Amino acid sequence: MAETYKMKVSNQHLHASFSKDYEPIMTIRSGDSIEFNTIDIGWGINEKSGERIRYQSREQEEAWGHPMVGPIYIQDAKPGMTLEVKINKIITGWYGWNCAGGKINWQNNVLNIAESPEVTLNWTINEENKTAKTHVKDQEFTVPLKPFLGVLSTSPSESGIHSTIPPRYCGGNIDCKELVEGSTVYLPITVEGALFSAGDGHAAQGDGEVSGQAIESPFDQVNLTLTVIKDLQLKMPRANTPLGWITFGFDEDLNIATEIALEGMIELMQEIYQIEKTEAVALASVCVDLKITQIVNQVKGVHAILPHNHLFSSSVDKSKE
């Protein structure tokens, strides 16, 4: 019988880099669920005083990284298989923040704000009303909540320690705003046990994440079900979301990232509808959307979306399965 493992995050649950040699914080069976809270990428805040708590990674990395819960070892997960991650529940925390300018990076350079004073927006989150509010000068701005985890990943197979910043073939800092509650993410498994990690709560984000952050927020509750799929082998992550099927591409070159995402979508459409590649491309041209996931994580991200209600087959429609 499947079990749910619950934890309240402490330093012993957190790490800020990827390595196939990290000791897992727990071992579960395929089909079990994990339930936990997360901290924001500033590594925590005191709810009463508003001061930083400074959680710490148990791995004591020298370089900054996203605070991630894990890794989780899943029994019977082996390289060449796929990890299915069902996002059952997400409940946001009470605050969030993001900033712009004040540092040298790609987007600030092209917008000529690298030398400008950094601007930080502090957001108050209302989980009941599903909104977040902030003030800029004398104006109040409100956005709807659309919470998702920025980082969902199995461990890379390469030796050594790897940054959490760029997304990669096994997932990581994907930062796709469509990976909301009710989504299922499929991640390639390249190491024994998969070594799954998650974190980086976003209360709301625009495609592109152009300032470098979404509304960075702790999450009070995340519930995920982790299942090993033995007969599915993927080269890149894919997802089935309330909006539609999604495939991803990551590369420093936006054209190459687009190529990877598009190739993944064409392969998926061939699987679903049992059609030839050129036929899939023709259909994709009228119903698949290409979007820029993010431009700020060292590599660019592109995601291709096949909306659930845009393409119907006269045979059994498997597009939502």
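Residues numbered from 1 in each chain as written. Predicted model: local features only at pLDDT ≥ 70, side-chain atom pairs only at ≥ 80, totals over all residues. Heavy atoms only, no water.

Trainee: Quick one: what's the story with the overall build of the chain, residue by residue and with numbers?
Mentor: A tally of regular secondary structure across the chain gives three helices and 19 strands. Taken over C-alpha atoms, the radius of gyration comes to 19 Å for the chain, in line with the 20 Å a tight globule of 321 residues would show. Considering only C-alpha atoms, the chain reaches an extent of 60 × 45 × 40 Å along its principal axes. Counting across all 321 residues of the chain, residues that qualify as buried make up 54%. Excluding contacts between residues fewer than 6 apart, the proportion of contacts in the chain whose partners are at least 24 apart in sequence is 73%. (Helix = DSSP H or I, 4+ residues; strand = E, 2+ residues; numbered from the N terminus. Rg over C-alpha atoms; globule rule 2.2 N^0.38 Å. Buried < 20%, exposed > 50% of the residue type's maximum accessible area, 1.4 Å probe, protein only. Contact = heavy atoms within 4.5 Å.)

Trainee: Lay out the pairing of strand 11 (residues 148-153) with the relevant residues and their values.
Mentor: Moving residue by residue along a regular strand, the side chains alternate between the two faces of the sheet. Where burial is concerned, most of strand 11 is hidden: six out of the six residues are buried. Examined bridge by bridge, strand 11 and strand 14 (residues 196-202) share five bridges and lie antiparallel to one another. Its bridge partner being in strand 14, L149 is matched across the sheet by G201. In this structure, strand 11 lies alongside strand 12 (residues 171-173), joined through three bridges in antiparallel fashion. In the sheet register, V151 faces strand 12, and the bridge partner there is N173. (Pairing = 2+ DSSP bridges.)

Trainee: Could you give an account of the sheet that holds strand 8 (residues 119-126), naming the residues involved and the relevant values?
Mentor: Sheet architecture is open: four strands sit in the order 7-8-9-10, paired in antiparallel fashion. Each of the sheet's edge strands pairs with one partner strand only, and the pair in question is strand 7 (95-100) and strand 10 (139-144). In this sheet, adjacent strand axes meet at a mean angle of 25° when their direction is disregarded. Two strands pair when backbone bridges link them, and strand 8 and strand 9 (residues 131-136) are joined in this way by three bridges, in the antiparallel orientation. Bridging from a neighbouring strand, I125 pairs with A132 of strand 9. (Axes fitted to C-alpha atoms, helices over the stretch in contact; angles between N-to-C directions.)

Trainee: Help me get a handle on helix 2 (residues 254-273), residues and values and all.
Mentor: Helix length check: helix 2, at 20 residues, gives a terminal C-alpha distance of 28 Å against a target of 28 Å (1.5 Å per residue), a fit within 8%. Within helix 2, the full set of buried residues consists of A257, A261, G264, M265, I266, L268, M269, I272 and Y273. Here the buried face of helix 2 lies against strand 16 (238-240), strand 17 (244-251), helix 3 (277-287) and strand 19 (299-307). Its side-chain oxygen placed 2.7 Å from the backbone nitrogen of N255, D253 serves as the N-cap of helix 2. One or two residues past the end of helix 2 sits Q274, with phi positive at roughly 55°. (Expected span 1.5 Å × (residues − 1). Polar contact = N/O pair within 3.5 Å; in protein donor to acceptor, adjacent residues only side chain to side chain.)

Trainee: Go over the sheet that holds strand 19 with me, naming the residues and quoting the values.
Mentor: Strand pairing in a sheet is mediated by backbone hydrogen bonds. Such pairs are either parallel or antiparallel. Strand order in the open sheet formed by nine strands is 1-4-15-6-13-16-17-19-18, and the pairing between neighbours is mixed. Bordering the open sheet on either side are strand 1 (4-6) and strand 18 (289-297), each of which pairs with just one other strand. Direction aside, the axes of adjacent strands within the sheet are offset by 25° on average. In the sheet, strand 18 pairs with strand 19 via six bridges, with the strands oriented antiparallel. In the sheet register, L290 faces strand 19, and the bridge partner there is A304. Packed on one face of the sheet, helix 2 meets strand 16, strand 17, strand 18 and strand 19 and runs near 150° to strand 17.

Trainee: With reference to specific residues and values, describe a nonpolar patch on the surface.
Mentor: On the surface, a cluster of nonpolar side chains totalling about 320 Å² of accessible area is made up of W106, V110 and L111. By secondary structure assignment, the location of V110 is in helix 1 (residues 106-110). (Patch = residues over 30% accessible without salt bridge, like charges linked within 9 Å, V, L, I, M, F, W, Y side chains within 5 Å. Areas by Shrake-Rupley, 256 points an atom, 1.4 Å probe, with all protein chains shown as cover. Salt bridge = Lys/Arg side-chain N within 4 Å of Asp/Glu carboxyl O.)

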